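Close look at the chain arrangement
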Amino acid sequence: MNWGNLRGWLTALAVPVALGVAWEVAVRTGIAPGRLMPPPSRLAHTAGALAASGELQTHVAATMTRVAIGFGIGAFAGTVIGMVTGASETARRLLDPSIQALRAIPSIAWVPIFILWLGIFETSKLALIALGVFFPVYLGMLSAIQGVDRKLVEVGRVFGFSGIGIMLRITWPAVLPTWIASLRSGLGLGFMFVVAAELMGASEGLGYLLLDGQQMGRADSILVAMIVFALLGKASDGVLVALTRPLLRWQDTVRSRL
Amino acid sequence: MTTLAIDGLGKTYADGTEALRDMHIMARSGEIVAILGGSGCGKTTLLRLTAGLDQPSAGVIAIDGRPIGGTHPAISAVFQEPRLLPWLTVGRNIAFGGRRIAKPERQRRVGDLLERIGLAGYGARWPKDLSGGQQQRVAIARALIGHPAILLLDEPFSALDAFTRASLHELLLALWQELRPTILVVTHDVDEAVFLADRVVVMRPRPGRVHEAMTIGLPRPRNKLTSEYDITRRNVLRAIDRSLAVDRATGSGFGTVSPWV
């Protein structure tokens, strides 16, 4: 880590740390009540207790499994269907209008029908997450394929490639940056929808922890769950960026800066 | 060796624009033919048809008497822009042009060409790290790695400054002397045509067709400072004037100002 980087971190942390310290002092001195807005020490204590009992790990594992499976399904479907509609004019005319129409439905509005169709347990949750991930990945892939530089495709043709060869050597590398960006926004939506899915009825998961905290009046466990959500989301995005960085080394702009 | 025959070539686009009409060009083996003309005279269309990137509406393009129906392994091209693949290193970009060559030989040629184009040691760099002139050198190397019988050049140096352009002319001629491809170079630059070509074909616009073809008899290596060079250059300029005079007479209203001065 270089000096400028460290300074950036310190600057960024100044405001939250100052607020945290101020709140801690306010609660300890009795200026403010800490029941609905517990101070940092209380949050740390709750997080420690949840972790020590293994409860936190169970919730994290449940949530992450749902995100991973839902993201996998949604990203795969979005990539494949986006590829097909991007590559074939016929497929685009046939499918894209319907997909765009479905996209106009707010994803949360699918919850009741998913529960009716797929039951209250895992399947409906995964379907909701997959649906949320599907749209950005599909749109990213479709527009990326349509945006491939015709001039580079011509280079491929002049040097003797066609069909699959062009696909693998020109189209695929050309769409990678947009595709990866769409995976990142898809992952973000995956975390959004896992909360919705777990709020609609779950016995474990961070969303359950949120709901449980609300019903038990435990602001501290709600806040801990929120913070853990933020950390997991950021960490997953970081993993995605790290995994895909070698593929994008050639790019002019460093879009993957966190 | 290889002769390129363009015979009765015509191209009318779907919107009714007639870009080319009844073009006849014969390029003998190892010859450099410059296609000279202003914008809108169908030069680029001619090259795209020859490269097999578009289909002609009329006429045939034949190599050694055999008509070609699309892209052809014997035909290679350098475009107006370098068009390097940004996700491949410089070395791999050059190798991209040689898919039919066995790998060890391809690697050897990449190394050779990198040296020839003055970019030895740049093989592992990305295209974005190169200047425009260096990128166009790589594009030339990519086009020549497969030892094509026919090399098409579409105003390949028009975006470069005069110094870079002159050095790329030298490079192109050196590689040509070694590999002897037949070269078809499209340009709007009289100096480029006179310096490079064995023959100059002056085109006339709307629709694009051959106005006049002339042989450049100057010995190589050519010296731009001789009076023979000057005379030849003036002859070409005169041919362009005549093509514009015809244009004026037919009342198209374009080309009244020579863009070549």
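Data block above holds the structure.
Residues numbered from 1 in each chain as written. Chains lettered and ligands numbered in written order. Predicted model: local features only at pLDDT ≥ 70, side-chain atom pairs only at ≥ 80, totals over all residues. Heavy atoms only, no water.

A few points about the nonpolar core
Heads up, the rule is: Each nonpolar core is a collection of buried residues, namely Ala, Val, Leu, Ile, Met, Phe, Trp, Tyr and Cys, held together in the definition by side-chain atoms within 4.5 Å. Accessibility here uses a 1.4 Å probe with only protein chains present; expressed as a share of the type maximum, an area under 20% marks a residue as buried, one over 50% as exposed, and anything in between as partly exposed. The source of the domain bounds is an automatic or database domain assignment. The contact definition used throughout considers only heavy atoms, calling two residues in contact when any of these lie within 4.5 Å.
Membership of the largest hydrophobic core comes to 91 residues, with the highest contact counts inside it found for B:Ile6, B:Ile35, B:Ile94, B:Val200 and B:Val236. Built from parts of two domains, this core gets at least three residues from each of domain 1 (27-47 + 149-261) and domain 2 (75-147) of chain B. With residues up to four places along the chain from it excluded, the contact list for B:Ile94 reads B:Val110, B:Leu113, B:Leu114, B:Ile117, B:Val138, B:Ala141, B:Arg142 and B:Ile145. With 48 residues, the next largest nonpolar core counts A:Phe134, A:Val175, A:Trp179 and A:Leu223 among its residues.

Concerning the pairing of strand E1 (residues 4-12) of chain B
For a regular strand, the rule is simple: side chains alternate between the two faces of the sheet. Residue and element names in this part refer to chain B. Where we set the bar: Secondary structure elements are defined from DSSP: runs of H or I of at least 4 residues count as helices, runs of E of at least 2 residues count as strands, and each element is numbered from the N terminus. Think of it this way: DSSP has to see at least two bridges between two strands before they count as a pair.
Burial analysis of E1 places seven of its nine residues in the buried class, the great majority of the element. Between E1 and strand E2 (residues 18-27), which follow one another and run antiparallel, lie five residues, and Gly16 among them has a positive phi close to 95°. By the bridge criterion, five bridges tie E1 to strand E4 (residues 58-63) in an arrangement that is antiparallel. Bridge pairing in E4 places Ile6 opposite Ile61.

Examining the sheet that holds strand E3 (residues 32-36) of chain B
Residues and elements named next belong to chain B. The condition is simple: Interaxial angles span 0 to 180 degrees and are taken between N-to-C directions of axes, which are lines fitted to C-alpha atoms, for helices over the stretch in contact.
On the basis of which strands lie adjacent, the open sheet formed by six strands has the order E6-E7-E8-E3-E9-E10 and mixed pairing. The open sheet has two edge strands with one neighbour each: strand E6 (75-78) and strand E10 (209-215). Ignoring strand direction, the axes of neighbouring strands in this sheet form an average angle of 20°. Strand contacts of helix H1 (residues 43-51): E3, E6, strand E7 (150-154), strand E8 (182-187) and strand E9 (199-204), with the helix running at about 150° to E7, the strand carrying the most contacts. Against the sheet, helix H4 (residues 132-144) makes contact with E6 and E7, and its axis sits at roughly 180° relative to E6, the strand it touches most.

Focus on the pattern of salt bridges
Think of it this way: side chains of opposite charge can pair up when their charged atoms draw near. Going by this rule: Salt bridges, as used here, are contacts in which a Lys or Arg side-chain nitrogen is within 4 Å of a carboxyl oxygen on Asp or Glu.
Throughout the structure, instances matching the rule amount to 26 salt bridges over all chains. Notably, a salt bridge pairs A:Glu154 with B:Arg48, separated by 2.7 Å at the nearest N-O pair. Residue A:Glu154 is found in helix H7 (residues 150-158), and its partner B:Arg48 is found in helix H1; the two belong to separate chains. Here A:Glu154 falls in the buried class, since its relative accessible area comes to 3%. For B:Arg220, the salt bridge goes to B:Asp198, with nearest N and O atoms at 2.9 Å. Of this pair, B:Arg220 sits in the loop between E10 and helix H7 (227-249) while B:Asp198 is found in the loop between helix H6 (190-196) and E9, placing the two residues 22 residues apart along the sequence. Relative accessible area serves as the criterion here: at 26%, B:Arg220 is assigned to the partly exposed category. Within this structure, A:Arg150, A:Lys151, A:Glu154, B:Arg48, B:Asp54, B:Glu81 and B:Arg83 form a network of salt bridges that share partners.

A few points about the interface of chain B and chain A
Condition: When two components associate, each loses some accessible surface as probed by a 1.4 Å sphere; the sum of these losses over both components is called the buried area. Pairing of N or O atoms within 3.5 Å defines a polar contact, subject to two protein rules: one partner must be a possible hydrogen donor and the other a possible acceptor, and residues neighboring in sequence count only if both atoms are side-chain atoms. Here the term charged refers only to Asp, Glu, Lys and Arg, the term nonpolar to Ala, Val, Leu, Ile, Met, Phe, Trp, Tyr, Cys and Pro, and the term polar to all other amino acids, Gly among them.
Listed as interface residues are 23 residues of chain B and, on the opposing side, 19 residues of chain A. Taken together, both faces of the contact between chain B and chain A bury some 2,000 Å²; the carbon and sulfur share is 65%. At the junction of chain B and chain A, the tally comes to eight residue pairs in polar contact (both at pLDDT 80 or more). For the side of chain B that touches chain A, the element with the highest residue contribution is E6(B), accounting for three residues. Here the residues of the side of chain B that touches chain A sort into twelve nonpolar, four polar and seven charged.

Quick word on helix H9 (residues 206-216) of chain A
Residues and elements named next belong to chain A. Short version of the rule: By construction, the arc corresponds to the directions joining the helix axis to the C-beta atoms.
Three or more residues of H9 are buried, namely Leu206, Gly207, Leu209, Leu210 and Gly213. Summarising the axial view, the buried residues of H9 lie within an arc of 160°, below the 170-degree limit, and thus occupy one face. Counted as exposed and oriented over 90 degrees from the buried face of H9: Gln215 and Met216. For H9, the elements touching its buried residues are helix H2 (40-52), helix H3 (55-87), helix H8 (164-199) and helix H10 (219-244).

Everything listed here is a matter of geometry and, on its own, says nothing about what the molecule does.
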